[in-house]
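Reading the structure
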Amino acid sequence: ICEFNNTDHRTELNGTERLIVRRGQPFTVNLHLRSGAYQPGSSALDLTAETGPQPSDQYGTRASFGLTDQIDTSQWSAAVTSHMDMVSLSICSPPDAPIGRWRLSLGQAGQFEFVLLYNPWCTGDMVYMEGEKELEEYVLAQDGIIFRGNSQYPIPTPWNFGQFEDGILDACLRILDMNPKCLRNPGKDASGRRNPIYVSRVISAMVNCNDDQGVLLGKWTNDYTDGVSPMSWRGSVEILRNWDRTACEPVRYGQCWVFAAVACSVSRALGIPSRVITNYQSAHDSNSNLIIELFVDENGQLMKNSRDMIWNYHCWIENWMTRPDLQTGFDGWQAVDPTPQEKSEGVYCCGPIPLKAIKQGEITYKYDGPFIFAEVNADVHTFWKLKDGRTKKVITTTKVGLKISTKSVGSDEREDITHLYKYPEGSEEERETFTKANHQNKLLQQQDNAGLLINVKVSPEMRKGCDFDVFAVVTNNTGSEKKCRLVFGSRAVSYNGILGGNCGFKDLLNVQLKGMVFSCVRHLTEDNLIRLAALLVDYSTQEAYLAVRNIVLVNPEIRVRILGEPKERRKLAAEITLQNPLSVPLLDCCFTVEGSNLTDGKIITERLDSAVEPGQDAKVKIYFTPTRSGLRKLVVDFDSNKLCHVKGYRNVIIGK
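The rules behind each value
- Residues numbered from 1 in each chain as written.
- Predicted model: local features only at pLDDT ≥ 70, side-chain atom pairs only at ≥ 80, totals over all residues.
- Heavy atoms only, no water.
- Buried < 20%, exposed > 50% of the residue type's maximum accessible area, 1.4 Å probe, protein only.
- Helix = DSSP H or I, 4+ residues; strand = E, 2+ residues; numbered from the N terminus.
- Arc of directions from axis to C-beta.
- Pairing = 2+ DSSP bridges.
- Axes fitted to C-alpha atoms, helices over the stretch in contact; angles between N-to-C directions.
- Left-handed = near helix turned anticlockwise from the far one by under 90°.
- Contact = heavy atoms within 4.5 Å.
- Nonpolar A, V, L, I, M, F, W, Y, C, P; charged D, E, K, R; others polar.
- UniProt positions renumbered as here; feature names shortened; annotations may be inferred.

Restricting attention to buried positions, one finds in helix α12 (residues 428-436) the residues E430, T433 and F434. Projection of α12 onto a plane perpendicular to its axis shows the buried side chains occupying an angular sector of 95°, all on one side. With its phi angle positive at about 55°, N438 sits one or two positions after the end of α12.

As C-alpha cells, then:
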C-alpha cells in the first residue's frame, strides 16, 4: 500500500518502505477486520491525526474526525471506498495541514505513522505551481546547474541536490526539529509548519550554523585543513548526511553557492518548488542605506575601510508560494538567502521577500527587502584615498545586479531572470521604483556624463595555464587634449571580493590623449579569478576615473565518455579524461564522481598512481549501476597538487 500511495503522491523516489504523502490529496489505507465487524451505514470509526510533541486542536496539530460518505479535501476526512475482503479507507488531510511526521489512530483498528509534505500539485496549497515541466524541474529534479564565474563569463557548475537519496528526508525533518523556535516552543513550531513562509525562513536560518545547530559553517579564507574546502563539494547529499550522523555538528565548510544548494535540496525534499539563482556583481550593504562605499589607494587597489562589499557573484534560492500575509499581487517566486551576512529579527537569515516587491521598490514588505534590493540595485560610491589623508570621489561605472541567472527548465542552459528583479536601466519604471525605495542617489547618478571614460578589455579566451592580453581603453569626450596618469594593476581575488596577492602592476605617469583610444597591454597568468583595476587621473582637473573588471581563468574541460548502453540496473562504465594544461607535471591526481540514481547514493573515488606530464591526459575508468531510468547527471570533480576543484558532468539517459 505504501508503494501505491507514494507513487500516486509522487514521493516514491524517497522509497516505498513507509508512507510519505502530500497534503490536500487522498491516500488509501486497508483495514483487515474480523468478518462482519464493519457494516455499511451503521459502523462508526473514530480517527485522530496528531503531529508534534504537544498536539492541540488550537494549533491545528491534532484533528479528530469520523467516516463520511465522501472525502472533503478541505479538511481532515475519511470515507470507505471498498469493504469486500477488507475495508479500504480513503483519507485526506487539508491543504494547509502542518508538514512533518504524523500519527493516525483508527479507533480499535490500531494506528500508524506517516510523513506529510507540501503539495505543489494541489490548487489549495500555498506552494501550488502550474506546469508539469516546471514541477519536474523545481520539485522532482535531483540534479542541476549553479552558475559561477563572472558576468562576462558565467560558468555552469553541476550540483547533485539528491533530495530523494536515502536518509535525506529524515535529515531535512531533523533540521526543522533542531531549529531554536521548535526547541523553545515545539507546539507552536509544529503549527507553523503549515506555512511555507515560516518554513522557508527556518531553512534560511538552519542551513547556516551562526545562531544554532545548523548544517554548514561558513569560511572565506584559504585554510580548510580542519574541514572540506567549499570548492570540493559536488552535491548536498554528503553534507546533509554528515550533519545528521554527527549529532548535528556543523559541516565544515560552506560558501554562498553551497548554502544555497543545500537550502534548495531541503526545500524540494519538503515539497516547496525551489531553484538556485546567481546575482553577478552582488552588493553587500551593511548599513541599509542602499549605498556601497568603496575606497581605493593611490594605485587604484581596493582598501578594507568598510564592511560594504561587492561580491563577484552571490547565490541564494527562490521558493515558490503565495503571500496571503501581503496585499494581492506578490505571489510567486520569493528570494530566500541562507548565507549568513546580516541579522534579521536577531537571527542570521534572510527572506522570503517577493521578487515583485524587489522589482517595484516595496522594500518595507516582509522579509528583508532593503538588503536584497541593495544586492541588485545599490549605488556604488568609490573614494580615492591620497597619501596625505584626503579622499576624493572617483568617477566610475561600477554597477551591481548583473545577469541574474538560473538553470532553464528542462535544459542546462542559463536563463537570465534579471527582468524579474529590476526594470530596464534608465526606464521610467526603474525611476519610479527608485523613488518608491527612496533611492535618490541612483536617480542623481543617472544624470552624470563624464568627459573621460575608461574601460578594461581582455582577449576573448582566458584559460588557466595560458597567457592572455589585457587592455585599458580610455575615451576622451572633452574636445581638448588631456595629460593623465594611468595606474594599471591586477590582483588575485576571491569571489566575494577579498583581495589576494599582486599579479601585475604598471604606472604610466604621462599619458597624452589626443585621439579616442589608448591601450596598454599586460600579460597575466595564474589564479582562477583576477581583479583588474585601471585608475586614470586627469592632471588638469585632478579628477580620478576608475575601471574595474574581474576575470575568470577557465579550467580545462573534463571529458566523460559512457561505455556501453545505459540501462536501469545494468552495470555501466564511464571513461573520464582531463588534459594537463600547465607547464609542470600534475601529482596526486584524483577523480571523484557521484550522481543521483546513478551511484546509489555513494561517492566513487579513483586516484592515479603516476604523474601526469604537461599536455598529457589524466584518465580513469569508473563503474556504476544506475538504479532508475530517465535523464541523469554524472557529476565529476578533479583534484591534484597544482590544479584543484575542476568540475565537469555528463548527462546520461538511462533506459528501462
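This brings us to the sheet that holds strand β6 (residues 87-92). Strand order in the open sheet formed by three strands is β2-β6-β5, with antiparallel pairing between adjacent strands. In this open sheet, the two edge strands, each paired with only one partner strand, are β2 (27-31) and β5 (77-83). Mean inter-strand twist for the sheet, computed between neighbouring axes without regard to direction, equals 30°. Bridge analysis of β2 against β6 gives five bridges, and the strand direction is antiparallel. Residue V29 lies in a different strand from β6, and its bridge partner there is L89.

Here we come to the packing of helix α6 (residues 196-207) against helix α8 (residues 256-270). Closest axis-to-axis distance for the α6/α8 pair is 10 Å, and the angle between their directions is 140°. Classified by chirality, the crossing of α8 by α6 is right-handed. Residues V199, I203 and V207 of α6 form the contact with α8, whose own contacting residues are F259, V262, A263, V266, S267 and L270. Partitioning the contact of α6 with α8 into residue classes produces eight nonpolar, one polar and no charged.

This part covers the side chain of S90. By secondary structure assignment, the location of S90 is in strand β6. Residues within four places of S90 in sequence aside, it is in contact with P26, F27, I71, S77, A78, A79 and T81.

Cross-referencing UniProt, the feature "active site" (unreviewed entry) maps to C256, H314 and D337 in the present numbering. A stretch of 82 residues holds the annotated residues, and the largest C-alpha distance among them is 9.7 Å, short enough that they meet in one place. Topologically, C256 is positioned in helix α8. Its relative accessible area of 0% is what places C256 among the buried residues. Here C256 is in contact with W220, W311, Y313, H314, C315, T339 and Y495, once residues within four sequence places are set aside.

Attention now goes to the sheet that holds strand β13 (residues 274-284). Sheet architecture is open: six strands sit in the order β18-β17-β16-β13-β21-β22, paired in antiparallel fashion. Where the open sheet ends on each side, the last strands, each with one partner, are β18 (353-354) and β22 (414-416). Where strand β16 (residues 309-321) and strand β17 (residues 332-336) come together, five bridges link them in antiparallel fashion. Directly across from I317, in β17, lies its bridge partner V336. Strands in contact with helix α10 (residues 369-377) are β13, β16, β17, β18 and β21 (402-407); relative to β13, the strand with the most contacts, it is inclined by about 70°.

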